[in-house]
Amino acid sequence: QLQLVESGGGLVQPGGSLRLSCAASGWTLDYFAIGWFRQVPGKEREGVSCIDRSGGSTDYADSVKGRFTISKDSAKNTVYLQMNGLEREDTAVYFCAADAGTYPGLSCLLSTEDAEDEYAYWGQGTQVTVSS
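Everything in this summary refers to the structure shown in the same document.

Conventions and cut-offs
Each chain carries its own residue numbering, running from 1 in the direction its sequence is written. Totals for whole chains, interfaces and linings use all residues, but because this is a predicted model, local features are given only for residues with pLDDT of at least 70 and pairs of side-chain atoms are given and counted only at 80 or more. Processing note: side-chain calculations cover all non-hydrogen atoms of the structure and skip hydrogens and water entirely. A pair is scored as a salt bridge if a Lys or Arg side-chain nitrogen falls within 4 Å of a carboxyl oxygen belonging to Asp or Glu. Put simply, DSSP H or I for four residues or longer makes a helix, DSSP E for two residues or longer makes a strand, and each gets a number counted from the N terminus. Stacked, tilted and edge-to-face are the three classes applied to pairs of Phe, Tyr and Trp rings, where Trp contributes its six-membered ring and a pair requires centres within 6.5 Å; stacked means planes under 30 degrees apart, edge-to-face means over 60, and tilted covers the rest. The buried label applies to any residue whose accessible area, calculated with a 1.4 Å probe on protein chains only, is under 20% of its type's maximum; exposed applies above 50%, and partly exposed to all values in between. Neither His nor the chain ends is counted toward charge; the positive residues are Lys and Arg and the negative residues Asp and Glu. Whenever two N or O atoms come within 3.5 Å, that pair is a polar contact, provided that in protein one can donate a hydrogen and the other can accept it, and provided that, for residues adjacent in sequence, both atoms are side-chain atoms. In what follows, a contact means two residues having at least one pair of non-hydrogen atoms within 4.5 Å.

1. Focus on the pattern of salt bridges
Right, so step 1: Counted under the stated rule, the structure contains 6 salt bridges.
Right, so step 2: The salt bridge partner of Arg45 is Glu116, with a shortest N-O separation of 1.7 Å. Of this pair, Arg45 sits in the loop between strand S4 (33-39) and strand S5 (46-51) while Glu116 sits in helix H1 (residues 112-118); the two residues are 71 residues apart in sequence, bridging distant segments of the chain.
Right, so step 3: Arg67 is paired through a salt bridge with Glu87; the nearest N and O atoms lie 3.8 Å apart. Pair noted here: Arg67 is in the loop between strand S6 (58-60) and strand S7 (68-73) and Glu87 is in the loop between strand S8 (78-83) and strand S9 (92-99), with a separation of 20 residues, a long-range link.
Right, so step 4: Linked by salt bridges that have partners in common, Arg38, Glu46, Arg67, Glu87 and Asp90 make up one network.

So, in structure tokens, the structure goes:
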């Protein structure tokens, strides 16, 4: 069964950078689109970015566009989220998830309900805290 493990989170000052990793085991990520999501206590999970199976198409939430970059290394079966220019509002637990649904396109920016229907496999999350 596909398993995902996030890493790379931590404490960083505003304006700093972090690179999150989503390492997969049990199945190749080439079969899945991968999304990054984040969640703050008391708020719904929101889509941050996603990448298609080939790695050739990506999408970003407006709040992170221009600051975050998603990429994948198929040889390492890992997807990354490079986060630059971090802001306090980026503080959250970040999750990666694998899209096993049938929506014909990238789906991480769909409504929470629709995204939940698409993403079947989730990691445990990694904490990102942006604070001075």
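2. Let's talk about the packing of aromatic side chains
Right, so step 1: Applying the stated criterion across every chain yields a total of 5 aromatic pairs.
Right, so step 2: Judged by centre distance (5.5 Å) and plane angle (50°), the ring pair of Trp27 and Tyr31 falls under tilted.
Right, so step 3: Where Phe37 meets Trp122, the ring centres are 4.8 Å apart and the plane angle is 50°; that geometry is what we call tilted. Highlighted residues: Phe37 in strand S4 and Trp122 in strand S10 (residues 119-122), separated in sequence by 85 residues.
Right, so step 4: Using a relative accessible area of 23% as the deciding quantity, one classes Trp122 as partly exposed.
Right, so step 5: Linked through ring pairs, Phe37, Tyr119 and Trp122 together constitute an aromatic cluster.

3. Let's talk about the side chain of Glu118
Right, so step 1: Counting through the fold element by element, Glu118 comes out in helix H1.
Right, so step 2: Within the buried core, Glu118 has no salt-bridge partner, and the shortest N-O distance to an opposite charge, that of Arg53, equals 6.8 Å.
Right, so step 3: A distance of 3.1 Å separates a polar side-chain atom of Glu118 from the backbone nitrogen of Tyr103.
Right, so step 4: Residues contacting Glu118, with those up to four places away along its chain left out, are Ala98, Asp99, Ala100, Gly101, Thr102, Tyr103 and Ser107.

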